[in-house]
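# Structure at a glance
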Amino acid sequence: AVDEVAGAAGQGRAILVCHSMGGLAARAYLRARGPGRVAGIVTLGSPHHGSARAALGAGENGRQMRPGSGFLRGLEVSESAAPPACPALSLYTVHDNLVSPQDSSHLPWGRNVRIAGVGHLAMLLDPRVHRAVADEIARLRAGAA
């Protein structure tokens, strides 16, 4: 899908905007494929270091989002050895009701922006989040990464 979007964008590179587990999927993509087709990533409420609440989730994704999981350790080890050569912005909320603790959304190799007064799912509808995403896309398109 990244190749398809990157080709359709006409620039050969996609900007990935990902919510929650989607941010972890983007990091796994970068680990597996590298940043060649990705101009940057924006994560919204992604549990980059896991969430205590993931223990309540069923299935493989729930297990992967548990703090200390093999999946998360693998991402952290590969990124600490060589952070992706790709700009990243992690938008997170201090009022996240699903990512706990909330500072789990800090991405060590990215920029981190805290938004207050909005929950995990409500981030998707928040005008401040929309503005931050639009500003980051404009920044990446301008090559200011």
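Let me sum up the structure you'll find in this document. (Residues numbered from 1 in each chain as written. Predicted model: local features only at pLDDT ≥ 70, side-chain atom pairs only at ≥ 80, totals over all residues. Heavy atoms only, no water.)

## Side note on unusual backbone geometry
Convention followed: Comment: elements are numbered from the N terminus, with helices defined as DSSP H or I runs of at least four residues and strands as E runs of at least two. Burial status follows relative accessibility: with a 1.4 Å probe on protein chains alone, a residue under 20% of its type maximum counts as buried, one over 50% as exposed, and anything between as partly exposed.
Along the chain, Ser100 connects to Pro101 via a cis peptide bond; the corresponding omega equals -5 degrees. With respect to the helices and strands, Pro101 occurs in the loop between strand E3 (88-93) and strand E4 (111-115). Positive phi outside glycine occurs at Ser20, with the angle close to 55 degrees. Tracing the backbone shows Ser20 in the loop between strand E1 (14-19) and helix H2 (21-33). When its relative accessible area of 16% is taken as the criterion, Ser20 is described as buried.

## Concerning the pattern of salt bridges
Here is the rule we go by: For salt bridges, the criterion is a side-chain nitrogen of Lys or Arg within 4 Å of an Asp or Glu carboxyl oxygen.
Applying the stated criterion across every chain yields a total of five salt bridges. A salt bridge links Glu60 to Arg63; the shortest N-O distance between them is 3.2 Å. With Glu60 and Arg63 both in helix H3 (residues 59-64), this residue pair falls three residues apart, about one helical turn. Residue Glu60 is classed as partly exposed on the basis of its relative accessible area of 46%. A salt bridge links Arg128 to Asp126, with the nearest nitrogen and oxygen atoms 3.0 Å apart. Among the residues examined, Arg128 registers a relative accessible area of 34% and is labelled partly exposed. It is possible to trace a salt-bridge network through shared partners that takes in Arg111, Glu136 and Arg139.

## Quick notes on the sheet that holds E1
Rules: A pair of strands is labelled paired if DSSP reports no fewer than 2 bridges between them. Angles run from 0 to 180 degrees between N-to-C directions of axes, and those axes are lines fitted to C-alpha atoms, restricted for helices to the stretch in contact. Whether two residues are in contact is decided by their heavy atoms, any of which lying within 4.5 Å being enough.
Taken together, the four strands give an open sheet; going across it, the order is E1-E2-E3-E4, and neighbouring strands pair in parallel fashion. Because the sheet does not close on itself, it has two edges, and the strands there are E1 and E4. Taking each pair of neighbouring strands and ignoring which way they run, the sheet shows an average axis angle of 15 degrees. When strand E2 (residues 38-44) meets E3, the two strands line up parallel, connected through four bridges. Residue pairing for E3: Ile41 is matched across the bridge by Ala88. Here H2 sits on the sheet in contact with E1 and E2, set at roughly 140 degrees to E1. The sheet contacts of helix H5 (residues 127-141) involve E1, E2, E3 and E4, and relative to E2 the element is tilted by about 165 degrees.

## A short note on the nonpolar core
Applicable threshold: For our purposes a nonpolar core is just a set of buried Ala, Val, Leu, Ile, Met, Phe, Trp, Tyr and Cys residues, chained together by side-chain atoms within 4.5 Å.
Counting 14 residues, the largest nonpolar core has Val2, Leu16, Leu30, Val38, Ile41 and Trp109 as the members making the most contacts within it. Of all the elements in the fold, those that place two or more residues in this core are helix H1 (2-8), E1, H2 and E2. Not counting the four nearest positions on each side in its chain, Trp109 is found in contact with Arg27, Leu30, Ile41, Glu79, Pro83, Pro84, Cys86 and Ala88. Residues Val42, Val118, Val129 and Val133 belong to the second largest nonpolar core, which totals nine residues.

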